[in-house]
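If you want the building blocks of each chain, they are given just below.
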Amino acid sequence: MTTARQEDPGALGFAGEVSELHDAIRRHYDGLIDLYEELWGEHIHHGYWDPGAPPVSRHVAQARMVDEVAAYGGVARGSRVADLGCGIGATGIQLAGKLGCRVDGVTLSVAQVRRGREKVRRAGEEGQVDFVLADALRTPLPDSSYDVVWSLESCELMPDKLAFLREGLRLLKPGGQLVVATWCSRDADLTPQETTLLRRIYRDFAAAYVLPLASYRALCEEAGFEAIETADWTAQARATWNLSVDIVKPFVRNASYIWRLVREKGTDTFRFLNSVPLMKKAYDQGVMHYGVFRARRPLA
Ligand code: SAH
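The rules we used
Residues numbered from 1 in each chain as written. Predicted model: local features only at pLDDT ≥ 70, side-chain atom pairs only at ≥ 80, totals over all residues. Heavy atoms only, no water. Axes fitted to C-alpha atoms, helices over the stretch in contact; angles between N-to-C directions. Helix = DSSP H or I, 4+ residues; strand = E, 2+ residues; numbered from the N terminus. Parallel < 35°, antiparallel > 145°, perpendicular 65-115°, else oblique. Contact = heavy atoms within 4.5 Å. Nonpolar A, V, L, I, M, F, W, Y, C, P; charged D, E, K, R; others polar. Salt bridge = Lys/Arg side-chain N within 4 Å of Asp/Glu carboxyl O. Buried < 20%, exposed > 50% of the residue type's maximum accessible area, 1.4 Å probe, protein only. Core = buried A, V, L, I, M, F, W, Y, C linked by side-chain atoms within 4.5 Å. Near = heavy atom within 4 Å. Polar contact = N/O pair within 3.5 Å; in protein donor to acceptor, adjacent residues only side chain to side chain. Areas by Shrake-Rupley, 256 points an atom, 1.4 Å probe, with all protein chains shown as cover.

Draft legend 1. Structural context of the packing of helix α11 (residues 255-265) against helix α12 (residues 268-284). Remark: α11 packs on α12, axes separated minimally by 8 Å, with the N-to-C direction vectors making an angle of 125°. On the basis of their axis angle, the class for α11 and α12 is oblique. Across the interface between the two elements, Ile258, Trp259, Leu261, Val262 and Lys265 from α11 touch Asp268, Thr269, Phe270 and Leu273 from α12. Partitioning the contact of α11 with α12 into residue classes produces 6 nonpolar, 1 polar and 2 charged.

Here it is as structure tokens:
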């Protein structure tokens, strides 16, 4: 059994066996698949809002996030994309529909593979989007085959960030592009209270740990990438949690609905609902940031 690599002991939440983390991730995404879809929709990630502009709905902002990450990553029409940590395939369907991309999604959750395939069929994108049940740190996908390796809010769940980036490098064609959007910590210098807050978030989301955005530049270099760039999108993403508190409120008030979910899904339901105010607090306190980075596999 491998033990998690610890790049940043100060903010680490996960220090156990990788198999335990993977079990927690499977339980989380298999067990909460309906609740996620009901509360979040098909995109399991933050929204993107222009700061100061009139607010748009959360679903519009979530779809916008995919467009923004695609633009930031320079995803070209017809690209072959490996989507590491793909959820139920909403990104793949959007990239296939808008840009004609051919997308292979990787997830640890068998329920997500099933649901994703169903959605792809309904969207008429069979043949364009497919799913692989695998660990993103060691996928069965072929070497040097993808124009783009994409990770939208899955990197925070990875117990070994360097191994994750190296797997991305292996999958990319020479000159291919990595693009990652991930939860980040403000920096590595956190107070004990801030570290506790992050640990509670890790537990509730079955996340391994987050890193400061600046750490990813060094990790990308170490993995062998070039043309590394980073950007902080905290201001664009943070409104996700204002809206989400409102979304969760009716469920919290409706005790019989909650009890039914708890009976069916176990206590993960409580954690799921509890995690929303925690994330809002982490943004409000400036502990949590939203980071994106891109990097290229060298030609030789
Ligand atoms: N990118 C998707 C889903 C984000 S949720 C979206 O934006 O909608 C996080 C996803 O990462 C889940 O699908 C989970 O199964 C996946 N994941 C987490 N750790 C993983 C690992 N080690 N290997 C493969 N998938 C992983």
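Draft legend 2. Seen up close, the pattern of salt bridges. For the coordinates displayed, the defined rule picks out 23 salt bridges. A salt bridge links aspartate 143 to arginine 170; the shortest N-O distance between them is 2.5 Å. Taken as a pair, aspartate 143 in the loop between β3 (129-133) and β4 (146-152) and arginine 170 in helix α6 (residues 161-171) lie far apart in primary sequence, 27 residues in all. Classification of arginine 170 by relative accessible area gives partly exposed; the value is 26%. The residue aspartate 284 makes a salt bridge to arginine 238 at a minimum N-O spacing of 3.4 Å. Here aspartate 284 is found in helix α12, whereas its partner arginine 238 is found in the loop between α9 (234-237) and α10 (239-253), with 46 residues between them in sequence. You can call arginine 238 partly exposed: its relative accessible area is 33%.

Draft legend 3. Spotlight on the nonpolar core. Formed by 95 residues in total, the largest nonpolar core has its most connected members in Trp150, Leu178, Ile201, Phe225, Trp233 and Tyr290. Not counting the four nearest positions on each side in its chain, isoleucine 201 is found in contact with Trp183, Leu278, Met279, Ala282 and Met288.

Draft legend 4. Structural context of the environment of methionine 288. Of note, methionine 288 is situated in strand β8 (residues 288-296). For methionine 288, a relative accessible area of 1% gives the class buried. In sequence terms methionine 288 and valine 179 are 109 residues apart; their C-alpha atoms lie 20 Å from each other. In this structure, methionine 288 is in contact with Trp183, Cys184, Leu198, Ile201, Thr234, Met279, Ala282 and Tyr283, ignoring residues within four places of it in sequence.

Draft legend 5. Structural view of unusual backbone geometry. Unlike most non-glycine residues, serine 144 shows phi in positive territory, near 50°. With respect to the secondary-structure elements, serine 144 resides in the loop between β3 and β4. Despite not being glycine, alanine 206 has its phi angle at roughly 50°, a positive value. Within the element layout of this structure, alanine 206 appears in the loop between α7 (192-205) and β6 (211-212). For alanine 206, a relative accessible area of 7% puts it in the buried group.

Draft legend 6. Spatial organisation of the site of the ligand. Around the ligand, the surrounding shell holds 21 residues, and the nearest of these are Gly85, Thr107, Gln112, Ala136 and Leu152. One of the side-chain N or O atoms of threonine 107 is found 2.8 Å from an oxygen atom in the ligand. One of the backbone N or O atoms of leucine 108 is found 3.5 Å from a nitrogen atom in the ligand. In the complex, the protein chains occlude 99% of the 570 Å² of accessible area that the ligand would expose alone. Of all the secondary structure elements, the ones that give two or more residues to the shell around the ligand are α1 (18-31) and β2 (102-107). The dominant element in the shell around the ligand, judged by the number of residues it contributes, is α1, at 3 residues. Residue composition of the shell around the ligand, by class: 11 nonpolar, 8 polar and 2 charged.

Draft legend 7. Broad picture of the side chain of serine 145. Looking at the element boundaries, serine 145 is found in the loop between β3 and β4. Residue class for serine 145 comes out buried when judged on its relative accessible area of 13%. A polar contact is formed between the side chain of serine 145 and the backbone oxygen of aspartate 143, at a distance of 2.6 Å. Setting aside chain neighbours within four positions, we find serine 145 in contact with Arg80, Leu171, Leu172 and Lys173.

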